[in-house]
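A look at the structure
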Amino acid sequence: MSTVKHFLRTVVGRAYPRLVGVWREKSWLIFDVLFPLLQVSAYVYIYRAIGAPPEFSGFAILGGATIAYWMNVLWSMASQLYWEKETGNLQLYLLAPTSRMAILLGMALGGLTATTVRAAGVILVGALLFRVPLQVSHGALFLGVFLLTLVALYGLGMLLSSVFLLWGREAWHLSNLFMEPVYLLAGFYFPVRALGLGLALAASVIPITLGLDALRQLLYPQLMENFRVLPVEAEMGVLAGLAVLFVFLARGGLRFFENLARREGRLTLRGQ
Amino acid sequence: MMRRLREAWQGIKVGTWLGWQIESNWTEPFLFAIYAVIKPVAGVLILVVMYLVVAKDGLANPLFPHVFLGTTFYLYVVNVLSGVSWTVVDDREHYGMLKYVYLAPMHFYGYLLGRGMAKTLLATLSVLVTLLFGVVGLGVRLSLDDPKLLVGALLLGLASLAFYGILLAGVSLLIARHGWVVGDVVAGGLYLLCGTAFPLSLLPWPLRALGLGLPPTHWLEALRRALLGSGLHSELSRLTSAQLLLILVATTALGGALSVGIVGVAERIAVRRGLLDMQTMY
């Protein structure tokens, strides 16, 4: 079998359980939409309590939907190899005569497809429930920003996954740590520019920061005039750069950390 | 009777020690302290930025201290309520040791209560740091006008959260693929329904009515009155502080009774169906 075919079959093979999993336990879908929606609703009411314009409720809904992707990257990409180690699958992955990158890519593709169903559910229900205006002015550009953000984000997930390979319980706690602080820095619930230009640019290393900013600019151009970090085109350029950088780093990182974990005997260490 | 009490105490002791070890010994104490501080402070800062961006008077908005206090004490809800129910999934599926805990000569309910104590200790650390940050960094003025209300409400609320957490742990004993979801969804629902960060009057009436029936709504309101001198929800303004405490006593007692009953039943079913060592790989 050619190398490319082998690579593609691995990608499909690893993506398959994630895609099938969405429909196998259907009640999960309800919880996956309900849980972020509870948080989103709370933030919408917080904005309403202080008399914010309805666009801010849109910020909260869009942020809540993109949180689904961040959670997927944290818990089903970054921490995934840790879970595999705990359940005894990691050694099988490493013994398999295939590319590790193909495994990560399959994880990413399966994860982002499944998460898109949840995120769409959050946006749909949220927008209907709170009657929030969601009008995209440049559809193609919006889709382009969205896809670029996902590529860069899951590239980061692949990188984190290789780094987390080394860890035991630290992996779980670090994923836990990367929740609220990242919600703050990436501006999930408010325009990130409010943190100041310097901090907003520093936080742009998390692809969702600029991705959300660009999506908000395309959804609410008037309101975002005072809040944008960079013009949409510039943000797309940075996102494209981040995507290439993260995938490149993930490739090197995976090799490096796998070797390190082998030498330190951490690949099969469970319950630590 | 004495033997059962001794076993319960043993369970609480072991559960607390083990819980603390699991929560804290994965890294150096210094890093752990930073970890325990960053998360809650970041959660509060999100609200701070939202207020600064939108509210005309920023943090001087009269709602902000109430929102800050609600969000800070809500840390107990996440840690204790959701944490204790997660304990069952973690011990059973991750560490595979729930069956050994059950076989040990200690009371299972006491063990769960101990795990709740560890979560409470951890949450207390986060709450204290966040309160300090609020007072020093955000200028929130806390007054201790009614120390009796504060102590009474705090203790009753914590006991109540532990009981309801154990109740959820009992439910988690019987479910396979949704164990991780139970605590999170309940905690997320309480954040919304209890008006943790906004007045309940904004909710549609069925949700408002539901929120008014939930113990954390009264708990957070009592803490606001004790530390800020006034509450947030107009619906509760007619209740005196003594009435609020009485409601907390009643809901705590109800939580205690329900948790003992439900954990007892769940335990029996789990043993009969062989669920204590279930491995679902989820």
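What you are looking at is a predicted structure, and each value in this text was computed from that prediction instead of being measured. (Residues numbered from 1 in each chain as written. Chains lettered and ligands numbered in written order. Predicted model: local features only at pLDDT ≥ 70, side-chain atom pairs only at ≥ 80, totals over all residues.)

Digging into the overall build of chain B
Looking only at helices and strands, one finds 10 helices and 0 strands in chain B. If you list the helices and strands of chain B from N to C, you get α-α-α-α-α-α-α-α-α-α. For chain B, whose C-alpha radius of gyration is 19 Å, the value lies close to the compact-globule estimate of 19 Å for 282 residues. Here the C-alpha coordinates of chain B stretch approximately 60 × 40 × 35 Å along the principal axes. The proportion of buried residues among the 282 residues of chain B is 47%. (Helix = DSSP H or I, 4+ residues; strand = E, 2+ residues; numbered from the N terminus. Rg over C-alpha atoms; globule rule 2.2 N^0.38 Å. Buried ≥ 20, exposed ≤ 12 C-beta atoms within 10 Å, placed from the backbone.)

Let's talk about the overall build of chain A
Along chain A, the regular secondary structure elements total 13 helices and 0 strands. N-terminal to C-terminal, the α/β element order of chain A is α-α-α-α-α-α-α-α-α-α-α-α-α. Expected size for 272 residues packed as a compact globule is a radius of gyration near 19 Å; at 19 Å, chain A falls within 12% of this value. The dimensions of chain A, computed from C-alpha atoms along their principal axes, are 55 × 40 × 35 Å. Taken across its 272 residues, chain A has 50% of its residues classed as buried. When contacts within chain A are restricted to residue pairs at least 6 apart in sequence, those whose partners lie at least 24 apart make up 83%. (Contact = placed C-beta atoms within 7 Å.)

Side note on the interface of chain B and chain A
In this complex, chain B contributes 34 residues to the contact, which on the side of chain A involves 32 residues. Within the residue set of the side of chain B that touches chain A, elements represented by two or more residues are helix H2 (29-54) and helix H7 (179-193) of chain B. Taken together, the residues of the side of chain B that touches chain A sort by class into 25 nonpolar, 6 polar and 3 charged. (Nonpolar A, V, L, I, M, F, W, Y, C, P; charged D, E, K, R; others polar.)

Some remarks on unusual backbone geometry
If you check the backbone angles, Arg131 of chain A has positive phi at about 50° while not being a glycine. Tracing the chain through its elements places Arg131 of chain A in the loop between helix H6 (100-130) and helix H7 (139-164).

Regarding the nonpolar core
Ranked by internal contacts, the top residues of the largest apolar core, which has 167 residues, are Ile46 of chain A together with Ile166 and Leu223 of chain B. Residues within four places of Ile166 of chain B in sequence aside, it is in contact with Val84, Tyr109, Leu112, Leu113, Gly116, Ser259 and Val263 of chain B. (Core = buried A, V, L, I, M, F, W, Y, C linked by C-beta atoms within 7 Å.)

Thoughts on the packing of helix H3 (residues 54-78) of chain A against H6 of chain A
Residues and elements named next belong to chain A. It is the contact of H3 with H6, at a shortest axis distance of 9 Å, that shows an interaxial angle of 155°. With respect to their mutual orientation, H3 and H6 come out roughly antiparallel. Crossing of H3 over H6 shows right-handed handedness. On the side of H3, the interface is formed by Ser57, Ile61, Gly64, Ala65, Thr66, Ala68, Tyr69, Asn72, Ser76 and Met77, while H6 contributes Met107, Ala108, Gly111, Leu112, Thr115, Arg118, Ala119, Val122, Ile123, Gly126, Ala127 and Phe130. When grouped by side-chain class, the residues that make up the contact of H3 with H6 number 13 nonpolar, 8 polar and 1 charged. (Axes fitted to C-alpha atoms, helices over the stretch in contact; angles between N-to-C directions. Parallel < 35°, antiparallel > 145°, perpendicular 65-115°, else oblique. Left-handed = near helix turned anticlockwise from the far one by under 90°.)

Quick look at the packing of helix H2 (residues 26-49) of chain A against H6 of chain A
Residue and element names in this part refer to chain A. Contact geometry of H2 with H6 gives a least axis separation of 9 Å together with a crossing angle of 45°. The angle between H2 and H6 falls in the class oblique. Between H2 and H6 lies a crossing of right-handed hand. Of the residues in H6, those touching H2 at Leu29, Asp32, Val33, Pro36, Leu37, Val40 and Val44 are Val117, Arg118, Gly121, Val122, Val125, Gly126 and Phe130. Here the contact of H2 with H6 is built from residues that sort into 10 nonpolar, 2 polar and 2 charged.

Looking at the environment of Asn89 of chain A
Residue and element names in this part refer to chain A. Mapped onto the elements of the fold, Asn89 is located in the loop between helix H4 (80-87) and helix H5 (90-95). Its 14 C-beta neighbours within 10 Å are what place Asn89 among the partly exposed residues. Expressed as a C-alpha distance, the spacing of Asn89 and Val125, which sit 36 residues apart in the sequence, is 37 Å.

Brief notes about the environment of Phe73 of chain B
Residue and element names in this part refer to chain B. Here Phe73 shows up in helix H3 (residues 64-94). On the neighbour-count criterion, Phe73 (24 C-beta atoms within 10 Å) is buried. C-alpha of Phe73 to C-alpha of Val127: the two residues are 54 residues apart in sequence and 6.5 Å apart in space. Dropping the residues within four chain positions of it, Phe73 is found in contact with Val127, Leu220 and Leu223.

Let's talk about the environment of Ala120 of chain A
Position of Ala120 of chain A among the secondary structure elements: in helix H6. Taking the C-beta count within 10 Å as the criterion, Ala120 of chain A has 13 such neighbours and is therefore assigned partly exposed.

Concerning the confidence of the model for chain B
Mean pLDDT for chain B: 89, with 98% of residues reaching 70 or above. Confidence estimates for the predicted assembly give a pTM of 0.89 and an ipTM of 0.90. (pLDDT = per-residue confidence, 0-100.)

What about helix H10 (residues 241-273) of chain B?
All names here are of chain B. Look at H10: 47 Å from first C-alpha to last across 33 residues, which is about the 48 Å you get at 1.5 Å a residue. In this fold, the buried residues of H10 make contact with helix H5 (108-137), helix H6 (147-174) and helix H9 (215-228). The first or second residue beyond H10 is Gly274, which carries a positive phi of 70°. (Expected span 1.5 Å × (residues − 1).)

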